[in-house]
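# Fold and contact review
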Amino acid sequence: MRLDKYLKVSRLIKRRTVANEACDGERVRVNGRQVKAGYQVKVGDIIEVAFGQRTLKVEVLSVNETAKKDEAPAMYRELEQ
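As a starting point, this report considers the structure included with it.

Calculation notes
Residues numbered from 1 in each chain as written. Predicted model: local features only at pLDDT ≥ 70, side-chain atom pairs only at ≥ 80, totals over all residues. Heavy atoms only, no water. Salt bridge = Lys/Arg side-chain N within 4 Å of Asp/Glu carboxyl O. Helix = DSSP H or I, 4+ residues; strand = E, 2+ residues; numbered from the N terminus. Buried < 20%, exposed > 50% of the residue type's maximum accessible area, 1.4 Å probe, protein only. Core = buried A, V, L, I, M, F, W, Y, C linked by side-chain atoms within 4.5 Å. Contact = heavy atoms within 4.5 Å.

## Comments concerning the pattern of salt bridges
Applying the stated rule across the entire model yields five salt bridges. Of the charged contacts in the structure, one is a salt bridge between Glu78 and Arg54, with a shortest N-O distance of 3.8 Å. With Glu78 in strand E5 (residues 76–78) and Arg54 in strand E4 (residues 54–60), this residue pair connects regions lying 24 residues apart in the sequence. According to the relative accessible area criterion, Arg54 is partly exposed, its value standing at 47%. Arg77 is the salt-bridge partner of Glu59, the closest N and O atoms lying 2.2 Å from each other. In this pair, Glu59 sits in strand E4 while Arg77 sits in strand E5, placing the two residues 18 residues apart along the sequence. A relative accessible area of 43% means that Arg77 is categorised as partly exposed. Each member of the salt-bridge network shares a partner with another, and the members are Arg2, Asp4 and Arg16.

## Topic: the nonpolar core
Within the largest apolar cluster, 24 residues are counted, with the highest numbers of intra-cluster contacts made by Leu3, Tyr6, Leu7, Leu12, Val28 and Ile47. Among the secondary structure elements, those contributing two or more residues to this core are helix H1 (3–9), helix H2 (16–24), strand E1 (28–30), strand E3 (46–51) and E4. For this core, the element with the most residues is H1, which contributes four residues. Those residues within four positions of Leu3 in sequence are excluded, and the remaining contacts are Cys23, Val28, Val30, Val35, Lys36, Ala37, Tyr39, Val41 and Ile47.

Next up, the structure:
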């Protein structure tokens, strides 16, 4: 699954267009590397998203095409900084 779609489905970012802009603006890193929105997310990847001064770091636990609101947090595990 594309990174921008994963960020939207997992509800880390509300809209796919916003996720795409975050990737283009170099605010998203996967496994320590700057990546484009088309990056294929795999289980075990570490995603870091910069929200202003705060950085959210998560580990991908599952990659689902769709997820309900209560299922979305099960797609990732938040890591300490």
